[in-house]
Amino acid sequence: MDNYSYYSYLAAAAAYFLLLPLALIGIKKNPVAISLIVAVVMSLTWAGYTAFLIYNDELVTSEILPLETLRDTAWFFLLSTLISRQQFNNNYSLLFKSRLANGMALLMVFILVLEVFSDLRYQIQQFLGQDLRLFAHVVFAIIGLMLVEQLYRNATLDLHWTVKFLCLGLGALFTIDFIVYSKSLLFVKLDYLLWNSRGFINALIVPLLAISILRLQINNALRITASRKVVFHTTVLLGSGLYLILMSLAGFYIRDYGGNWGGIAQIIFIFLAVLLLLILFVSGKARAIAKVYFNKHFFHYRYDYRDEWIKLSKTIAQLDSINELSGFIIKTLSDLADSSGGGLWLKNEQGDFYLAEESNLGFYPPQLVKADQSLIQFMLKKQWIIDFVEFSNYPKVYNEVDLSQWQAEQNNISLIIPLFRQNDLVAFVALTKAKVHRQLIWEDHDLLKTVGMQLTNALALSHASDALSRSRQFEAYNRLSAYLVHDLKNLVAQISLIVKNAEKHKYNPEFIDDSIETLKNVVYKIEHLLNQLKKGQVKTDNKIIVNLAEVIKDVAIQQAGNKPALQLTSNQDKIEVLGEKEKITAILGHLVQNAQEATAENGIVSLELSKDENQAIIKVIDNGSGMDNKFIAERLFKPFDTTKGNAGMGIGVYEAHDYIVKQSGSCDVESKLGVGTTFTIKLPLAKQED
């Protein structure tokens, strides 16, 4: 056994000796190099001195315990340094600002003094009737496991890669210490078999520490999210307490009643206890169950609202764009509801809601939710969080809304959370089912609504910034007379058409007459624009009665040189509206030209004119490339946004939509990729005077 223990601790000393150069080589790249080197040196000293004493047959446990206390202190120092970097952006601030850290330091110093000065230890032992050293090392192991768990559980997901092997290694180290000293405490003597095996266990964890050292040198931007202030509210503390109680009962039973199966039962129990601890440590569902249980039974309030608010505000302040904000909204609400994913629908300028972002939804969600659908109307009226657990238990509460689209079991949706700003629904979030199936209570609703208000304000700020940026773009572009350039481009297109056909038809009198008429029209429009510029205006609104039947004929003449050829469909000779003939002609010409450019030469582009009792209806139809729903919802009617690259200015469709709406009309679009597009324009008919 002496040889076994000697080689055990010799292996540990050799492993730590090989680890030390690795820690020293990357000292400049490692943000916690000093505390890491101290921990490795103390572990090397502890293992090496223990092996030396065993080799010389001079091993006395009391001589090793002070070095082991210093080793534990060094690892605590490293773990505290990692946590301190997040809370204070400094490696050592936690040691000075945290009362808990100060208390731990005093405890370590006190135990170290007892272990070094035997006379003082004996006096205290006679006074208390108990040797504190074994108990102290049980406490050290629990503290180490708590720090490891806090480091891993509160690290952001992208940093789990950096610290997970460090946490596994130190978790194994403190777990075996906990088992050794808790068992020794119960039986008032050291378990030498386990104690002698610790050297090999330390040697086995060194490769994990080596991997962590390399990863710390690569990723020095350590950031760990803050946990709740009640540090002892952890699964490690709960598991440790239950473990000690059960081990005490088992120890008393074995001591008092004996039995041939006592040792085997104890080994099986230790294995199951360690296995349970690991399951609680790594299982997200187990942690979620524990969180629900403790919040329900041990805390007056389920959530620490102050911490949630501060953490949310800090994170929002670090976001750079609305695209980042969309994903952050889903993640934040998913974390609060213990959900695994969700989707965000944002309100567009038409009042409908389009899918802006999704994460692990697990089904094909609706891309567009119209404003007149019952779901939107229900949320506007009730301003409720739609809980599908509540819907299953009390379906009458949701009689006013059709949830069949979301209710399907394969959709896995559990919550629909509306986001309001001043009673205006600006977005909503659908979340998948929680890891722990439960119905929300009033605290969950309050927290989700409160966080939703903060997220909505962030959305509003982001939209305001976007609108301000667009406004500045308009201001700069207006200085270059954007609308003037756009109109001139159409006039140039007409002249270019004459030039293009001149060589072929220059001896045709009808062509000459049409060309002269077109040039007169161009001259008239240019003079009109120049007069507007002289007056300091670019646009006027001189409404007259316009016959749309004549307008579409003019459009057909303007676009006659483009392919595919425009097809006119109209059964009316006279459909009159109030407006500007030149403006309406330009708008329809632009839409037709867009349709022709998006359609193959052998395709179909048609312009249809009809009316009902109150409105004139114009349709521009093509079977070209089409557009997807997201493009229509987000970009089609926005200025300076075009699919033509440098060939387009991105204001034609926006100008068309803006003008039609100002004339009390409407402009709707139906389109499918690879199928085609239909623009439907409706304008109120001019009233006929008797």
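What counts, and where the lines are drawn
- Residues numbered from 1 in each chain as written.
- Predicted model: local features only at pLDDT ≥ 70, side-chain atom pairs only at ≥ 80, totals over all residues.
- Heavy atoms only, no water.
- Pairing = 2+ DSSP bridges.
- Helix = DSSP H or I, 4+ residues; strand = E, 2+ residues; numbered from the N terminus.
- Salt bridge = Lys/Arg side-chain N within 4 Å of Asp/Glu carboxyl O.
- Buried < 20%, exposed > 50% of the residue type's maximum accessible area, 1.4 Å probe, protein only.
- Axes fitted to C-alpha atoms, helices over the stretch in contact; angles between N-to-C directions.
- Parallel < 35°, antiparallel > 145°, perpendicular 65-115°, else oblique.
- Left-handed = near helix turned anticlockwise from the far one by under 90°.
- Contact = heavy atoms within 4.5 Å.
- Core = buried A, V, L, I, M, F, W, Y, C linked by side-chain atoms within 4.5 Å.
- pLDDT = per-residue confidence, 0-100.
- Patch = residues over 30% accessible without salt bridge, like charges linked within 9 Å, V, L, I, M, F, W, Y side chains within 5 Å.
- Areas by Shrake-Rupley, 256 points an atom, 1.4 Å probe, with all protein chains shown as cover.
- Lys, Arg positive; Asp, Glu negative; His and termini not counted.
- Charge placed at Lys NZ, Arg CZ, Asp CG, Glu CD.

### Looking at the pairing of strand β11 (residues 615-622)
Sheet topology places strand β10 (residues 605-611) next to β11; seven bridges connect them, and they run antiparallel. Following the sheet pairing, serine 610 is matched in β11 by isoleucine 617. Hairpin remark: β10 followed by β11, antiparallel, with three residues in the connecting loop. Both β11 and strand β13 (residues 676-684) contribute to a ladder of eight bridges, which runs antiparallel. Among the inter-strand pairings, aspartate 622 is bridged to a residue of β13, identified as threonine 677.

### Considerations on the pattern of salt bridges
Where charged atoms from two side chains of opposite charge come close, those side chains can pair. In the structure shown here, the tally under the stated rule is 12 salt bridges. Its salt-bridge partner being glutamate 68, residue arginine 198 comes within 2.7 Å of it at the nearest N-O pair. With arginine 198 in helix α9 (residues 192-218) and glutamate 68 in helix α3 (residues 61-88), this pair connects stretches of sequence that are 130 residues apart. Of the two residues, arginine 198 and glutamate 68, neither departs from the other in class, the shared state being buried. With a closest N to O distance of 3.9 Å, lysine 581 and glutamate 550 form a salt bridge. A residue pair is termed long-range when its members are at least 10 positions apart, and lysine 581 in helix α22 (residues 581-597) and glutamate 550 in helix α21 (residues 548-558) qualify at 31 residues. Note on lysine 581: relative accessible area 30%, which makes it partly exposed. In the salt-bridge network here, residues are joined through shared partners; they are Glu68, Arg71, Asp72, Asp177 and Arg198.

### Here's the deal with the packing of α21 against α22
Interhelical geometry of α21 versus α22 gives an angle of 50° and a closest axis separation of 9 Å. Relative to α22, α21 is oriented oblique. The hand of the α21/α22 crossing is right-handed. Every residue of α22 that contacts α21 at Leu548, Glu550, Val551, Ile552, Asp554, Val555 and Gln558 is listed here: Lys581, Ile584, Thr585, Leu588, Gly589 and Val592.

### Digging into the nonpolar core
Nonpolar side chains tend to gather and get buried jointly when the protein is soluble and globular. In terms of nonpolar packing, the biggest core is built from 66 residues, with Tyr16, Leu19, Trp75, Phe76, Leu170 and Phe174 touching the most fellow members. Those elements that provide at least two residues to this core are α1 (2-25), α2 (33-55), α3, α5 (99-116), α7 (132-153), α8 (160-187) and α9. By residue number, the principal contributor to this core is α7, which donates 12 residues. Apart from residues no more than four positions distant in its own chain, tyrosine 16 is found in contact with Val40, Ser43, Leu44, Trp75, Leu173, Asn202, Ile205, Val206 and Leu209.

### Topic: the confidence of the model for the protein
Fine structural detail should not be taken from predicted coordinates in areas where pLDDT scores are low. The predicted model of the protein averages 76 in pLDDT, with 70% of residues at 70 or higher. The secondary-structure element of the protein with the lowest mean pLDDT is helix α12 (residues 284-297), recorded at 53, while β11 shows the highest, at 93. Overall, residues 221-233 carries pLDDT values under 50, and its contacts beyond four positions in sequence, including any with other chains, amount to 43 contacts.

### Details of the pairing of strand β5 (residues 413-421)
When a strand is regular, its side chains alternate between the sheet's two faces. Burial runs high along β5: eight of the nine residues are buried. Bridging between strand β4 (residues 386-387) and β5 involves two bridges; their strand directions are antiparallel. Its bridge partner being in β5, isoleucine 386 is matched across the sheet by isoleucine 416. Relative to strand β6 (residues 424-432), β5 runs antiparallel, the two sharing eight bridges. Bridging from a neighbouring strand, leucine 419 pairs with alanine 427 of β6. In this antiparallel pair of consecutive strands, β5 and β6, the connection spans two residues, and glutamine 422 shows a positive phi of 55°.

### Some thoughts on the packing of α5 against α7
Contact geometry of α5 with α7 gives a least axis separation of 11 Å together with a crossing angle of 150°. One way to sum up the angle between α5 and α7 is to call them roughly antiparallel. Crossing handedness for the pair α5 and α7: left-handed. Counted together, Met104, Leu107, Met108, Phe110, Ile111, Leu114 and Glu115 of α5 and Leu132, Arg133, Ala136, His137, Val139, Phe140, Ile143 and Leu147 of α7 form the full contact between these two elements.

### Here we look at unusual backbone geometry
A positive phi angle is found at glutamine 422, which is not glycine, with a value near 55°. Structurally, glutamine 422 is set in the loop between β5 and β6. A positive phi is found at serine 664, a non-glycine position, where the angle reads about 65°. Checked against the element boundaries, serine 664 lands in the loop between α24 (652-662) and β12 (666-672).

### Focus on a negative patch on the surface
Residues Glu510, Asp513, Asp514 and Glu517 make up a contiguous surface patch of negative charge. Along the chain, glutamate 517 falls in helix α20 (residues 509-534). On the accessibility criterion, glutamate 517 (52% relative accessible area) is exposed.

### Let's talk about a nonpolar patch on the surface
A surface patch of nonpolar side chains, about 460 Å² in accessible area, is lined by Tyr4, Tyr7, Leu10, Leu193 and Phe200. Those elements giving two or more residues to the nonpolar patch turn out to be α1 and α9. Here the nonpolar patch takes three residues from α1, the largest share from any one element. Here leucine 193 is to be found in helix α9.

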